[in-house]
Each structure stands twice: as C-alpha cells, then as structure tokens.
Amino acid sequence: MELRIFGAAQEVTGSCHMIRANGASVLLDCGLVQGRRLEAYRRNQSFPFDPESITAVVQSHAHLDHAGKLPMLVREGFRGAIHATHGTGELCQLLLTDCAHVLMRDAEYLNRKRIKQKVRARRKAKQNGLTLPQGLPKEEVLPLYLHEDVGETMALFSTHGYGEWFEVGPGMVFRFREAGHTFGSAWLEAVIQENGKSWRLAYSGDYGRAGLPILRDPEPFGETDILICESTYGNTVHPEFQGMVHDLAEAVQRLVQRGHGRLLIPSFAVGRTQNVLYCLGRVFDEALAPQVPVVVDSPLATAATKLITQYPEYFDQETLELLANGNGGPFFPGLRFTESVEESKALNQEEGPLVIVSASGMMENGRILHHLARYVSRRDAEILVVGFQADGTLGRRLLEGAATVNILGDSYKVNARITPMMGFSSHADRRDLLQVLNPLAKKTGTMILVHGEDEQRKPLAKALRDLGFPRVEEPVEKQAFRFS
Ligand SMILES: [Zn+2]
C-alpha cells in the first residue's frame, strides 16, 4: 500500500493525497491551490498524475482548497465516483458553480492585463525605434474549467450519511466521521487491505473546534496505523469563541451610539457568515445590545444559509433546542437577505444604523467591495475582520493599518474603525489538536502532518514527538510512504 502527498504538504491550500492498493488509486480531496491569481493559475494548470487512472475520490468537505479542482479532474478524463457526505455534495454544487464564474473572471482580468502590456510595449518600441522586447506573454489565459464541467462533475457524486461504511475500491472501505469544521465536513476513517495485511487509516481533512455554533462538535480520532492530520494552527491559540458574542455586542453598541453609518462584516459565504449571524442572534436575544437591522448581501451566502437550514440533522443540541422552542431556526427574526443587484444598491439609500454581512471574506471580490468603497473613508463605519486574511489581500492591508487603500480602481483614505475578531476560526488550534491527539500517542503507528506552513507544523511535530508519538512525518510535496 502506498500513500502519496500531492498537495498541501508545507502549505494550507491544494489538498490532494493518493492511496494506491490492489491496483486502484484513490484520491483524498482534490483541492485548488489558492493565492495570488497568476501564481495560483500556473500551479493549478496540471495534475501530477493521470486523471484517467484514478479509481475514485473521497471528499472531506466542500471548501475549494479541498474540492475546487474536481471539475478539472473530470474534464481531464476522470470517470470514477466522488464520495462525499450529503451536505458536502450539495455544497459542492454551490461552491464549484461559483468557482467556475470566479475562474472565468480571473482569466478575463489576466488577459486584459496581458493585452495592455503588449499594446504599451508596442507603442514604446515604436516611439524609440526599437524591436518588440522578448518575453511578452504569447498565449491567452484560459479558465481552469467552465460551468458545464461542474455539471458533469456533480453527476459523479455518490453521497453517504455519517458513520456508514462504503467501498471505494478493491480492499478499501471508508466512512465519514463528523469534523465540525463546516457544513457537511468529515474526517475520513478507512480500512485498507492488501496481500493479507490490513491498515486502519484516518485523514483529518480540516478539523474543527468544539463549541462552535449550529454544527456538531468534531468526533475524536481513534486508534490508527496511519493518521494524516492537518496542522494549520499547530503553533497558534485562537481567542475563545465564546468571547465573540460579547465582542460583537460591543460593536453593535458602538453602531447604535453613532446612530447612523455601517457595521460591515466581510465574511466567507459558507460557515463564517452563518456563525456570525448566529452570534448576532444571541446578542439580540440576550439583549446585550439593541436590535438593529441586519442584511446578508451576498447571493452565495444567502444560498448557503438556506441550504444549512434544510439540514437540521447536522445541528448541535443547542441549535436543536432553539428550534424546538419555536425560534424558527438558528438565526433571528427580522434578518434580511438581498437577492438582486438592485436590492443591494438600494441599501445605499438607508442611512443606518445598518449591519451588512457580505462576501468575500478577504475583501478581494464580491459585493462587500461596493460597501467598503462607500464607507471605508467614513468615521461612522466600522469593519470587523472575522477570518484569515492572506498576504496581499485588501483585508490584510486594512488589518495591518494601511492609511489608504485601493478599492475597485480608486484610492481611499481609511477612516473607518477596523476591529479584528479572530475567535471565529473554524479550524482546531494548537490546544484543540493536542487535546484530541494526546490520548493517541501510543495508539498511532505513523502520524503524517499536512496542511500547515512550517512555522505551524514544526512546533506541532515536536510537541507530538514529546508526547511519545513513535513516528511523526512532515512530508514535502509528492513524497510517498510505502507500507507492507
Ligand atoms: Zn476547510
């Protein structure tokens, strides 16, 4: 049996691992590398294996850094089954469709940039009587996949309930266990048999945090021969989630005291938006601040919120009790959702006070940009930063205290208050990981740490060795492990 780490070796995006046994090749996740447009585009161009040779894919969850390359796999010839929980299947439909649009927009943006570059070079050469410089990009940028590729991909999904064993190839059975990270998320438990031998394997996917609202807490791992575990926050401790309701209440109170303006909450459409809404509901329900109008202004966030409310079987006890008490759902009465662009624009006519939750979470695209352009220079606005902000994003610049920022091609002075609230993270932190892994030191044959940059992964690896884990691996990309 061979295990190969193809992506997210020393980084947090592009998750993709392969198990080979009995002549079959099974992928665990098929994620996009994310980051700066051109670099990500180049790195996502191809697969380090033949997609036609893959027997099946088992998906941990629907986030694009774990599932975003599935339509490309299908376009390149993969015809096997894509196994996922029911929730992940539904969410993939939403997220992959949205991703196809974003990839097209990115390709258009890069092509426009290339055309300008060529026209300028030609003009300069002509003015100076020179020949055209070498190295100008010749080919146009094509999107990685189109909307129709997503349709073909969705037809290959085979969905399962949590805890049900299913076969993915000869001698390979899997089941999904609750990961508590996002809607439908799972860690994978597998038994692989080959040549009369048997291995118990677990793959964490993205492992969540206990105590997050709406969804159930993650189930602990059991005894395994091989545990592939994420290490995103292997050296970071998040603020307590419970403190977020209090911090949100204070932000709402500041808005009420101003009497007008905006509280803008740029937020990932799936997971983060719903957790923020849940906490706002607690703020109003427990009268920690006066109720103010709240609008979700993101078509994807609206669709995801509707989807989540259709799956009460995924809810935790607290949310089920809210439902049983006639609350009507995990959110709060009076919450508004915009549908059309016109409705979104009409929000500009409302002087406030108004809370707007909108995507994208890193403030790189989506409707939040229009609200930021309008309010970032105003002193009656506050912007909450509730998620990870990658290097080079508008969110990171605001978080780092930039005095001026560029939004949609114009420069703006930053006068709005910027408030970080990092306790919303849906990834286990160092404390959570050590707590769940601690009892397994003598019950884990090989621990393979993935999905973490070295400054997070190395300290976690050391802590695990100190706890007595006999073999802790920190693989590089394409590294293979053989078990016999
Ligand atoms: Zn994730």
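Residues numbered from 1 in each chain as written. Predicted model: local features only at pLDDT ≥ 70, side-chain atom pairs only at ≥ 80, totals over all residues. Heavy atoms only, no water.

**Details of helix α4 (residues 86–127)**
- Between its first and last C-alpha, α4 extends 62 Å over 42 residues, near the 62 Å set by a 1.5 Å rise per residue.
- Along its length, α4 shows its largest kink, about 25°, at Cys92.
- At the C-terminal side of α4, Gly129 shows a positive phi close to 65°. (Helix = DSSP H or I, 4+ residues; strand = E, 2+ residues; numbered from the N terminus. Expected span 1.5 Å × (residues − 1). Bend = angle between axes of the 7 residues up to and from the residue.)

**Some remarks on the coordination of the zinc ion**
- His61 (NE2), His63 (ND1), His181 (NE2) and Asp206 (OD) make up the full set of protein donors to the zinc ion, lying at 2.2 Å.
- The site at the zinc ion holds four donor atoms, and with the angles between them running 90 to 172°, its shape is irregular.
- Mapped onto the sequence, the residues coordinating the zinc ion show the spacing H-x1-H-x117-H-x24-D. Taken together, the positions of His63 in the loop between β4 (56–58) and α2 (64–67) and His181 in the loop between β8 (172–178) and β9 (186–194) put the pair 118 residues apart, joining distant regions of the chain. (Donors = N, O, S within 2.8 Å, 3.2 Å for Na, K, Ca; no water. Tetrahedral: all angles 85-135°; square planar, octahedral: opposite > 155°, others 65-115°.)

**Details of the pattern of salt bridges**
- Counting across every chain of the model gives 29 salt bridges.
- Measuring nitrogen to oxygen at the nearest pair gives 3.0 Å for the salt bridge that ties Glu474 to Arg465.
- Three or more residues joined by partner-sharing salt bridges are found here, namely Arg175, Arg177, Glu189 and Glu219. (Salt bridge = Lys/Arg side-chain N within 4 Å of Asp/Glu carboxyl O.)

**Structural notes on the pairing of β9**
- Among the nine residues that make up β9, seven are buried, leaving the element largely enclosed by the rest of the structure.
- Of the strand pairs in this sheet, β9 and strand β10 (residues 197–203) are connected by seven bridges, and their pairing is antiparallel. Among the inter-strand pairings, Ala190 is bridged to a residue of β10, identified as Leu201.
- Count of turn residues in the β9/β10 antiparallel hairpin: two residues, of which Asn195 carries a positive phi of about 50°. (Buried < 20%, exposed > 50% of the residue type's maximum accessible area, 1.4 Å probe, protein only. Pairing = 2+ DSSP bridges.)

**What about the domain arrangement of the protein chain?**
- The domains assigned to the protein chain are domain 1 (2–101 + 140–236 + 426–482) and domain 2 (243–424).
- Every contact between the two is made by 22 residues of domain 1 and, on the other side, 24 residues of domain 2.
- Both faces combined, the contact of domain 1 with domain 2 buries some 2000 Å², and carbon together with sulfur accounts for 63% of it.
- Of all residues in domain 1, Phe183, Pro213 and Ile214 give up the largest surface area on contact with domain 2, accounting jointly for 34% of the area buried on that side.
- At the boundary of domain 1 and domain 2, one finds zero salt bridges.
- Our enumeration of links across domain 1 and domain 2 arrives at eight residue pairs in polar contact (both at pLDDT 80 or more).
- At seven residues, α4 tops the list of elements feeding residues into the side of domain 1 that touches domain 2. (Domains from an automatic or database assignment. Contact = heavy atoms within 4.5 Å. Buried area = accessible area lost by both parts, 1.4 Å probe. Polar contact = N/O pair within 3.5 Å; in protein donor to acceptor, adjacent residues only side chain to side chain.)

**Focus on the packing of helix α6 (residues 243–258) against helix α7 (residues 272–285)**
- Axis separation between α6 and α7 bottoms out at 9 Å; the angle between their running directions is 70°. On the basis of their axis angle, the class for α6 and α7 is roughly perpendicular. Where α6 approaches α7, its residues Val245, Leu248, Ala249 and Val252 are matched on the opposing element by Val276, Cys279, Leu280, Arg282, Val283 and Phe284.
- Of the residues belonging to the contact of α6 with α7, the class tally is nine nonpolar, no polar and one charged. (Axes fitted to C-alpha atoms, helices over the stretch in contact; angles between N-to-C directions. Parallel < 35°, antiparallel > 145°, perpendicular 65-115°, else oblique. Nonpolar A, V, L, I, M, F, W, Y, C, P; charged D, E, K, R; others polar.)

**Observations regarding the sheet that holds β10**
- Taken together, seven strands build an open sheet; the order of strands is β7-β8-β9-β10-β11-β20-β21 and the sheet is mixed. If you trace the sheet from one side to the other, it starts and ends with β7 (166–169) and β21 (472–473), each paired once.
- In this structure, β10 lies alongside strand β11 (residues 224–230), joined through three bridges in parallel fashion. Its bridge partner being in β11, Tyr203 is matched across the sheet by Ile228.

**Regarding the sheet that holds strand β22 (residues 480–482)**
- Read across the open sheet, the seven strands follow the order β6-β5-β4-β3-β2-β1-β22; overall the sheet is mixed. What marks the edges here is a single partner per strand, and that holds for β6 (157–160) and β22. Geometrically, the sheet is characterised by an average inter-axis angle of 20° between neighbouring strands, direction not taken into account.
- Contacting β5 (81–85) and β6, α4 crosses the sheet at an angle of about 110° to β5.

**With respect to the side chain of Glu189**
- Mapped onto the secondary structure, Glu189 falls in strand β9.
- Separated by 2.7 Å, the side chains of Glu189 and Arg177 make a polar contact.
- Contact partners of Glu189, with chain neighbours within four places excluded, come to Trp165, Val173, Phe174, Arg175, Arg177 and Leu201.

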